[in-house]
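Summary of structural features
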Amino acid sequence: MKGLLFAAVVAAGLAPSVARADEGADFIAKLSGSWTGSGSITASGGEAPAATTCRLQGAPAGSSITVTGKCDGAAKGANLAVQLTWSGDQKTFVGTFQGGAEAGTASLSGRLSGNSLVMQVTSQNGAVSTLTLTVSGANRLSLAVSGKDSKSGKPVQYVSLGLAKG
C-alpha cells in the first residue's frame, strides 16, 4: 500500500468548492514545470516516517496535465505517472496514477478548495486515502497523503512533501 499511496503524491471532492470556469486551468498551469523536494513517507501507522526526495515534471495539454517523475530514499527509486483532467462542467479533477512499489492503477477524483486540490485516491484493492496538493505562491507545493492504517484503523499521514519549482 505504501508504494501506491506514495505514488499518488504527484497527482472525490471531500471539500465543497465554488469554482470559476478557469479555476482548473489556472491550477494546471501552476503544476506545470519542474518540481524538486523532500519529505517523509510512512508504510503504516506503526512505523516511523522515512526520508524521501522527489523530482517531478508537469506537462500540461489543454484541460489535462501529466506529471511524471522519480522518488528516491524511502521510495526506493519509484517511477511515477499521474494523469489529471479538469472537467469545467463538473468542477472536478479526475485521473489515474501508476507507479511506486505496487502494480496497477489507482483512480483519482477531487475538487479545488482555494489553493488546494483535495482528491480521493482509490487503489485497485479498494483502499481509499486522501491526497491534498496545496500551491503557495508561484513556486511552492505541499503534498500530503493521509488515510487509515489497514491493520489498526487509526489515522496515518502516509506522505508529507514540500516541493519547490525550478
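In the block above lies the structure referred to throughout.
Now for a quick tour of the structure.

Thresholds, definitions, all that
- Residues take numbers from 1 onward in each chain, read along the sequence in its written order.
- Only residues with pLDDT of 70 or above have their local features reported here, since the model is predicted, and side-chain atom pairs are shown and tallied only from 80 upward, although totals for entire chains, interfaces and linings are computed over all residues.
- For the side-chain quantities, the full set of heavy atoms in the structure was used; hydrogens and water were omitted.
- Here a helix means four or more residues in a row that DSSP labels H or I, a strand means two or more in a row labelled E, and each is numbered from the N terminus.
- Type-normalised accessible area, obtained with a 1.4 Å probe on protein chains alone, sets the label of each residue: buried when under 20%, exposed when over 50%, and partly exposed for intermediate values.
- Computed by Shrake-Rupley with a 1.4 Å probe, the accessible areas treat only the displayed protein chains as cover when residues are assessed.
- Within 6.5 Å between ring centres, the rings of Phe, Tyr and Trp (the latter by its six-membered ring) count as paired, and their orientation is classed by plane angle as stacked under 30 degrees, edge-to-face over 60, tilted in between.
- At least two bridges found by DSSP between two strands are what make those strands a pair.
- Whenever a pair of cysteine sulfur atoms sits within 2.5 Å, that pair is classed as a disulfide.

Comments concerning the overall build of the protein chain
What the protein chain contains, in helices and strands, is 2 helices and 10 strands. From first element to last, N terminus to C terminus, the protein chain shows the α and β order α-α-β-β-β-β-β-β-β-β-β-β. The buried share of the protein chain, taken over its 166 residues, is 40%. Total accessible area computed for the protein chain in this model is approximately 7,600 Å², and 52% of it derives from carbon and sulfur atoms.

Points about the packing of aromatic side chains
Here the structure, examined in full by the defined rule, presents 2 aromatic pairs. Plain terms: the ring middles of W86 and F93 are 5.0 Å apart, the flat faces sit at 50° to each other, and that makes the pair tilted. F93 shares its class with W86; the two are buried.

Quick word on unusual backbone geometry
In this structure, K91 is a non-glycine residue whose phi angle is positive, near 60°. Structurally, K91 is set in the loop between β4 (78-87) and β5 (92-99).

What about the pairing of strand β10 (residues 155-165)?
Here 7 bridges tie strand β1 (residues 33-41) to β10, and the two strands are oriented antiparallel to one another. Residue pairing for β10: G39 is matched across the bridge by L161. Linkage of strand β9 (residues 140-148) to β10, two consecutive antiparallel strands, is achieved through a turn of 6 residues, within which G153 is found at a positive phi near 80°.

What to know about the state of the cysteines
Taken as a whole, this structure holds 1 disulfide when the rule is applied. Across the disulfide from C54 sits C71; the S-S distance is 2.2 Å. Its S-S torsion of about 115° marks the bond between C54 and C71 as right-handed, since a negative value means left-handed. Of this pair, C54 sits in strand β2 (residues 50-61) while C71 is found in strand β3 (residues 64-73), placing the two residues 17 residues apart along the sequence. A residue is classified by how much of its surface remains accessible, and C71, at 0% relative accessible area, is buried.

Geometry only, nothing functional implied.
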